[in-house]
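Descriptive structure summary
Single-letter residue listing:
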Amino acid sequence: MKQIGVSLHSKVHKWMDAFGFRLNGSQTSNKDNVTTNHYFFETFNFFERSKNNDPKRAKFLCFDAYGESIPVKSLLDLQTAFFENISQL
């Protein structure tokens, strides 16, 4: 099960690099050591949260064209939301 989390993290980051996503901001909570990274491309935004900078614990969250939050369980979830958002332009 641990392998799934790491592979999702690496797949998402490879895909982000291929499209040219940029890191907009990063915040770390000193209390619980959770880092939140905000990435964007054009009008599409998504967040990555990880505890202790551990890729196995990374969770992704993005938004559809209507602003509803979508928890990302696979790379396909993220790609679907991205292309729906871009097609609205």
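Data block above holds the structure.
Residues numbered from 1 in each chain as written. Predicted model: local features only at pLDDT ≥ 70, side-chain atom pairs only at ≥ 80, totals over all residues. Heavy atoms only, no water.

On to the pairing of strand β5 (residues 69–72), then. The pairing of strand β4 (residues 59–63) with β5 spans four bridges and is antiparallel. If you follow L61 over to β5, its bridge partner there is P71. The hairpin turn running from β4 into β5, its antiparallel successor, is five residues long, and G67 in that turn takes a positive phi close to 90°. (Pairing = 2+ DSSP bridges. Helix = DSSP H or I, 4+ residues; strand = E, 2+ residues; numbered from the N terminus.)

So, on to the environment of F44. Topologically, F44 is positioned in strand β3 (residues 44–51). In this structure F44 comes out as buried when scored by relative accessible area, which is 1%. Separated by 24 residues in the primary sequence, F44 and E68 have C-alpha atoms spaced 13 Å apart. Excluding residues within four positions of it along the chain, F44 makes contact with F21, Y39, C62, F63, L78, A81, F82 and N85. (Buried < 20%, exposed > 50% of the residue type's maximum accessible area, 1.4 Å probe, protein only. Contact = heavy atoms within 4.5 Å.)

Let us now look at unusual backbone geometry. At N33, a position not held by glycine, the phi torsion is positive, near 55°. Positive phi outside glycine occurs at N53, with the angle close to 50°. The topology assignment puts N53 in the loop between β3 and β4. Judged by relative accessible area, N53 falls into the exposed class, the value being 56%.

Now for the sheet that holds strand β1 (residues 22–29). Read across the open sheet, the five strands follow the order β1-β2-β3-β4-β5; overall the sheet is antiparallel. A strand with exactly one partner marks an edge of an open sheet, and here the two such strands are β1 and β5. In this sheet, adjacent strand axes meet at a mean angle of 20° when their direction is disregarded. Alignment of β3 against β4, held across four bridges, turns out to be antiparallel. Bridge assignment links F47 to a residue of β4, and that residue is L61. (Axes fitted to C-alpha atoms, helices over the stretch in contact; angles between N-to-C directions.)

A few words now on the nonpolar core. Counting 16 residues, the largest nonpolar core has V12, F21, F44, F46, F60, C62 and L78 as the members making the most contacts within it. Secondary structure elements with two or more residues in this core: α1 (2–19), β3, β4 and α2 (75–87). (Core = buried A, V, L, I, M, F, W, Y, C linked by side-chain atoms within 4.5 Å.)

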